[in-house]
Amino acid sequence: IEPSEIRHIIKEHGENGTSDKSMRDLHNLAKISYIIENWDRVELGKGSKKYKNRDNSKAKTIVIQKKIEDNYYYVVEAVPNNARKNIYVVSAYINKNDTLSNVVVHKP
């Protein structure tokens with residue numbers, strides 16, 4: 001996870017978040033790796049504005065979901081097709097509702 005993405009999460013979902021305040025408890029940032037490693041569901045996302053493929057098109061994104069107690073935790077990762085072969089955390093947020101609605105890949 002890049003420092004700019006942590007700033008994004010705090011700006012969009014932190015204490016004074018412009019989208020919501022679901023990540024106002026910064027301890028939830030520590031759950032990101034747990035969510036990635038122990039996901040319940042994964043969905044194809046809308047694509048990344050920041051990360052690009054080798055042909056300069058938008059990198060694909062995935063939305064990772066994990067239910068913990070009464071909340072659904074989400075981590076969005078960019079998966080660019082380029083020489084680096086890195087995956088990047090783009091965002092993270094929490095919702096009371098299950099918002100995954102497209103084609104979903106379930107764990108085997």
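Only a predicted model underlies this, so the values are computations on that prediction, with no experimental measurement involved.

What counts and how
Per chain, residues are indexed from 1 in the order of the written sequence. For a predicted model such as this one, the threshold for reporting local features is a pLDDT of at least 70, and the threshold for listing and counting side-chain atom pairs is 80 or more; totals across whole chains, interfaces and linings nevertheless cover every residue. Working from all heavy atoms in the structure, the side-chain values ignore hydrogens and water. Counted as salt bridges are all cases of a side-chain nitrogen of Lys or Arg within 4 Å of a carboxyl oxygen of Asp or Glu. Secondary structure counts use DSSP, requiring at least four H or I residues in a row for a helix and at least two E residues in a row for a strand, with both numbered from the N terminus. Between buried and exposed lies partly exposed: a residue is buried under 20% and exposed over 50% of the maximum accessible area for its type, with that area taken using a 1.4 Å probe on protein chains only. The set of buried Ala, Val, Leu, Ile, Met, Phe, Trp, Tyr and Cys residues whose side-chain atoms join them within 4.5 Å is what this entry labels a nonpolar core. Any two residues whose heavy atoms approach within 4.5 Å at even a single point are treated as in contact. Being paired, for any two strands, means DSSP has found at least two bridges between them.

Caption draft 1: Molecular detail of the pattern of salt bridges. Taken as a whole, this structure holds three salt bridges when the rule is applied. Here Glu5 and Lys50 are joined by a salt bridge, their closest N and O atoms 3.0 Å apart. With Glu5 in helix α1 (residues 3-13) and Lys50 in the loop between β1 (41-44) and β2 (60-68), this pair connects stretches of sequence that are 45 residues apart. Using a relative accessible area of 5% as the deciding quantity, one classes Glu5 as buried.

Caption draft 2: Just the nonpolar core, in detail. Residues Ile9, Met23, Ile32, Ile35, Val42, Ile64, Tyr73, Val75, Val89, Ala92 and Ile94 constitute the largest nonpolar core, which totals eleven residues. Broken down by secondary-structure element, the contributors of at least two residues to this core are α2 (32-37), β3 (71-79) and β4 (88-95). Ranked by residues supplied to this core, first place goes to β4 with three residues. Setting aside its immediate chain neighbours within four residues, Ile35 contacts Ile64, Lys66, Tyr73 and Val75. Counting five residues, the second-largest nonpolar core is a separate cluster that includes Val63, Tyr72, Tyr74 and Val76.

Caption draft 3: How the structure looks around the pairing of β2. Direction of pairing for β1 relative to β2: antiparallel, over a ladder of four bridges. Its bridge partner being in β2, Val42 is matched across the sheet by Ile64. As consecutive antiparallel partners, β2 and β3 are separated by two residues, and within that stretch Glu69 has a phi angle of approximately 55 degrees, a positive value.

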